[in-house]
Amino acid sequence: MKIYVLDAFETSGIQYLKERVPGVIPFGDPRAGRWHEDADGIMIRGRQLSADDFAKAKKLKVVSKQGVGIDNIALDAARAKGVIVCNTPGINSDAVAELAFGLTVAVARRIPEFDRRIRAGEEIIRPRFLGTEMAGKAVGVIGMGNIGVRAARLYHQAFGCRLLAYDPYAPADAWADLPHQRIADLDELWPQVDVLTLHVPLTDETRYIVDRAAIGRMKRTAIVINVSRGGLVDETALCEALKEGRLFGAGLDAWEEGEPPQPGNPLLALPNVVATPHAGAGTHETQAKSSLAAARQLVHVLEGGEPFHRVV
Ligand SMILES: NC(=O)c1ccc[n+]([C@@H]2O[C@H](COP(=O)([O-])OP(=O)(O)OC[C@H]3O[C@@H](n4cnc5c(N)ncnc54)[C@H](O)[C@@H]3O)[C@@H](O)[C@H]2O)c1
């Protein structure tokens, strides 16, 4: 059995593989480039797997993806070739939800902006840099899955926020224990929210779910948080609105181009943007758990077991 590890992983999963499988090619090994020749299984995180990769893979049976997002994998090509693709949903929910919450407070209270100005030795005339409070505000949550519910709970429990939730695919009894209003039409959502937080996968349906028109209908005091995927928000329209004071601010962990985004990205020139480099799941706890889960699932499926979380 030959396993290739094609991204950098926290060590617990790699240790697990090495203890069970003699043929593990670790990330960074010069032999990794020839995985198409003889890999039975591969373990990945954000690496792109194209249709061409699947076409070239001679023995591949299983792709084990750490994390939940699978938009980096050509799933149709995997399906056509009979390759099993599995992921590790749920494990990173606390970490990603906590980052969404943290970004919200950072934007609302201008924490990184103050920090930058203090370090630069600037005079800060405080009435010119007022923040906004979260207590009792309306939080719009798009996507009522694992991360969406964790984030919603944090806003509700910490600040008593009013929750407005949109997810046409979530069952009617989703979030039964969490006070919220279910929104059926996004057009109703935009003008109501003080904070908008996105927790949906990137699909043809969700691409630019927050487009120019949506941004145009939001309050000037609203905050946009994207810890999900670049491509959900029209970054050009967002940038213009933030620059012109038509939104209060944005906290972004997911970017349309480059993660981390390139220094020339105009959003990075705005003081009301707080940027992180797709670090939502980047905690010691989550990385250890999900690296191990991805490794366990890979070995289990290669040994003939049913995947715990099958995507394809
Ligand atoms: N920043 C990070 O490091 C990081 C880490 C993990 C996941 N993510 C992102 O977070 C997303 C959510 O993760 P999750 O674990 O909560 O996934 P999940 O599958 O548990 O939840 C996704 C939810 O989105 C809903 N949905 C799908 N299409 C929709 C649409 N068109 N409109 C509204 N809702 C829709 C689904 O019904 C589901 O309830 C992932 O897809 C991924 O893109 C980011």
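Residues numbered from 1 in each chain as written. Predicted model: local features only at pLDDT ≥ 70, side-chain atom pairs only at ≥ 80, totals over all residues. Heavy atoms only, no water.

This part takes up the overall build of the protein. When its secondary structure is counted, the protein shows 11 helices and 12 strands. Taking 2.2 N^0.38 as the reference for a compact globule, 312 residues should give roughly 20 Å; the C-alpha atoms of the protein span a radius of gyration of 21 Å, in line with that estimate. Each principal axis of the C-alpha atoms in the protein carries an extent, and together these give about 65 × 50 × 30 Å. The buried share among the 312 residues of the protein stands at 52%. Distance between charge centroids for the protein: 3 Å, based on 37 positive and 39 negative side chains. (Helix = DSSP H or I, 4+ residues; strand = E, 2+ residues; numbered from the N terminus. Rg over C-alpha atoms; globule rule 2.2 N^0.38 Å. Buried < 20%, exposed > 50% of the residue type's maximum accessible area, 1.4 Å probe, protein only. Lys, Arg positive; Asp, Glu negative; His and termini not counted. Charge placed at Lys NZ, Arg CZ, Asp CG, Glu CD.)

Further remarks concern the sheet that holds strand β7 (residues 162-166). Sheet architecture is open: seven strands sit in the order β8-β7-β6-β9-β10-β11-β12, paired in parallel fashion. A strand with exactly one partner marks an edge of an open sheet, and here the two such strands are β8 (181-182) and β12 (273-275). In this sheet, β7 lies alongside strand β6 (residues 138-142) in parallel orientation, the contact comprising five bridges. Residue Gly140 lies in a different strand from β7, and its bridge partner there is Leu164. (Pairing = 2+ DSSP bridges.)

With numbering aligned to this structure, UniProt lists the feature "domain: D-isomer specific 2-hydroxyacid dehydrogenase NAD-binding" (unreviewed entry) at residues 102-280. For the annotated span residues 102-280, helix accounts for 27% and strand for 15% of the residues, and the straight-line distance between the end C-alpha atoms is 11 Å. (UniProt positions renumbered as here; feature names shortened; annotations may be inferred.)

Our next topic: helix α10 (residues 235-243). Turning to α10, its buried residues number three or more, namely Glu235, Ala237, Leu238, Cys239, Ala241 and Leu242. Those residues of α10 that are buried are in contact with α9 (212-217), β10 (223-226), β11 (249-252) and β12. Directly beyond the C-terminal end of α10, a positive phi value near 75° is found at Gly245. (Contact = heavy atoms within 4.5 Å.)

Let us look at the nonpolar core. For soluble globular proteins, the rule of thumb is that nonpolar side chains tend to be buried together. Of all hydrophobic cores here, the largest spans 34 residues; its most connected members are Ile142, Leu196, Val210, Leu238, Leu247 and Leu267. When residues of this core are traced back to their parent elements, those giving at least two are β6, β7, α8 (186-189), β9 (195-198), α9, α10 and β11. When residues in this core are grouped by element, the largest group, five residues, is from α10. When sequence neighbours within four positions are dropped, the list of residues in contact with Leu196 reads Gly140, Ile142, Leu189, Trp190, Val210, Met218, Ile223, Val224 and Ile225. In this structure, Val96, Ala100, Ala108 and Cys161 belong to the second largest nonpolar core, which totals 32 residues. (Core = buried A, V, L, I, M, F, W, Y, C linked by side-chain atoms within 4.5 Å.)

Moving on, we get to the site of the ligand. Near the ligand, the surroundings consist of 24 residues, among which Asn146, Ile147, Asp167, Val227 and Asp253 are the closest. One of the backbone N or O atoms of Pro201 is found 3.5 Å from an oxygen atom in the ligand. For the ligand, an oxygen atom lies 3.2 Å from a polar atom in the side chain of His278. Alone, the ligand offers 860 Å² of accessible surface; in the complex the protein occludes 87% of this. Looking at the shell around the ligand residue by residue, the class counts come to 11 nonpolar, nine polar and four charged. (Near = heavy atom within 4 Å. Polar contact = N/O pair within 3.5 Å; in protein donor to acceptor, adjacent residues only side chain to side chain. Areas by Shrake-Rupley, 256 points an atom, 1.4 Å probe, with all protein chains shown as cover. Nonpolar A, V, L, I, M, F, W, Y, C, P; charged D, E, K, R; others polar.)

If you check the domain split of the protein, you get domain 1 (2-89 + 284-302) and domain 2 (93-275). Here domain 1 and domain 2 have C-alpha centroids that lie 32 Å from each other. With four residues of domain 1 at the contact, the number on the domain 2 side is four residues. Interface of domain 1 and domain 2: buried area, both sides summed, is about 330 Å²; carbon and sulfur atoms make up 46% of it. (Domains from an automatic or database assignment. Buried area = accessible area lost by both parts, 1.4 Å probe.)

It is worth spelling out the UniProt feature "domain: D-isomer specific 2-hydroxyacid dehydrogenase catalytic" (unreviewed entry) in the protein at this point. Per the UniProt annotation, the sites labelled "domain: D-isomer specific 2-hydroxyacid dehydrogenase catalytic" (unreviewed entry) are residues 37-311. With 33% helix and 14% strand, the stretch residues 37-311 has end C-alpha atoms that lie 24 Å from each other.

Attention now moves to the pairing of β7. Burial within β7 is extensive, with four of its five residues counted as buried. Note: β7 against β8, two bridges, orientation parallel. From the neighbouring strand, Ala165 faces β8, where its bridge partner is Arg182.

Secondary-structure assignment places Thr11 in helix α1 (residues 11-20). Thr11 gets classed as exposed once you look at its relative accessible area, which sits at 58%.

Further remarks concern the sheet that holds strand β2 (residues 23-25). Each strand in a sheet pairs with its neighbour through backbone hydrogen bonds, running either in the same direction (parallel) or in the opposite one (antiparallel). Read across the open sheet, the five strands follow the order β2-β1-β3-β4-β5; overall the sheet is parallel. The strands lining the two open edges of the sheet, one partner per strand, are β2 and β5 (84-86). Neighbour to neighbour, the strand axes of the sheet diverge by 15° on average, direction disregarded. As defined by bridge partners, strand β1 (residues 2-5) adjoins β2 across three bridges and the pair is classed as parallel. Looking at the pairing, Lys2 lines up with Gly23 of β2. Running over the sheet, helix α11 (residues 284-302) touches β1, β3 (41-44), β4 (62-65) and β5 and is turned about 165° from β3. (Axes fitted to C-alpha atoms, helices over the stretch in contact; angles between N-to-C directions.)

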